[in-house]
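# Structural characterization, general
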Amino acid sequence: MVAEARERQEPSTVTEPDDTETTAHPTDHPELDALPEWPQDTIAVLVTTDPAPHAIPVSWPVRAGDRRILLSLKFDRGSLARLRERPDIALLILGGGDVALCARGTAKVIADPMPDADDYVAVELTVEVIDDHRQSAFSVATGIQRTVLDDSELRYLEKRVATLKAMAANRN
């Protein structure tokens, strides 16, 4: 069954800097030119280093442009300290609508603290490479799901995301 799925997959193409498309090698991941849209309630995985990799879930990343993502991180997170020291990051996004990518680039704090959220900072990810992890044999119907147990925390998250969206709009 897996062999049949592999046979059905079409060769991946990669857009080179001169805008020509080339077929990716079997061990390479195809790349996207721009970040796709994903559902607001997407949970992503942020990877930082120290130098070993550390991965944490992050709630509701905001697409802020073709190669820009904004996040809110709690001020006391180890990941925040690591990205301040070593800004190279990766953000894995698995979201509804068949979004499966790893955005690699650098991170920087753009608001410390965030407006109206003293215990959070706003972080901007500048994306250099977007690895496309979609496959012809599978589709991501929904991303990581979670159940809200505290309505006040949900309202606080919604407020932070609204702030991030406003920040994104002001910089475009």
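As shown above, the structure is provided for reference.
Residues numbered from 1 in each chain as written. Predicted model: local features only at pLDDT ≥ 70, side-chain atom pairs only at ≥ 80, totals over all residues. Heavy atoms only, no water.

Under the definition given, this model contains 7 salt bridges. Between Asp 66 and Arg 63 there is a salt bridge whose closest N-O contact spans 2.8 Å. A relative accessible area of 24% means that Arg 63 is categorised as partly exposed. With a shortest N-O distance of 2.7 Å, Asp 131 and Arg 104 are connected by a salt bridge. (Salt bridge = Lys/Arg side-chain N within 4 Å of Asp/Glu carboxyl O. Buried < 20%, exposed > 50% of the residue type's maximum accessible area, 1.4 Å probe, protein only.)

Let us look at the nonpolar core. If you look at the biggest cluster of nonpolar residues, it comprises 24 residues, and the most contacted ones within it are Leu 46, Ile 69, Leu 73 and Leu 91. Taken together, the elements giving at least two residues each to this core come down to strand 3 (43-49), strand 4 (53-59), strand 6 (68-74), helix 2 (78-85), strand 7 (88-95), strand 8 (99-111) and strand 9 (120-132). Considering every element that reaches this core, the biggest residue donor is strand 9, with 5 residues. When near neighbours in sequence (up to four residues on either side) are disregarded, Leu 73 contacts Leu 46, Ile 56, Val 58, Leu 80, Leu 83, Asp 119, Tyr 120, Val 121 and Val 123. (Core = buried A, V, L, I, M, F, W, Y, C linked by side-chain atoms within 4.5 Å. Helix = DSSP H or I, 4+ residues; strand = E, 2+ residues; numbered from the N terminus. Contact = heavy atoms within 4.5 Å.)

Burial within strand 6 is extensive, with 6 of its 7 residues counted as buried. In this structure, strand 5 (residues 62-65) lies alongside strand 6, joined through 3 bridges in antiparallel fashion. Looking across to strand 6, one finds that Gly 65 is bridged to Arg 68. Turn length for the strand 5-strand 6 hairpin, with the two strands adjacent in sequence and antiparallel, is 2 residues. (Pairing = 2+ DSSP bridges.)

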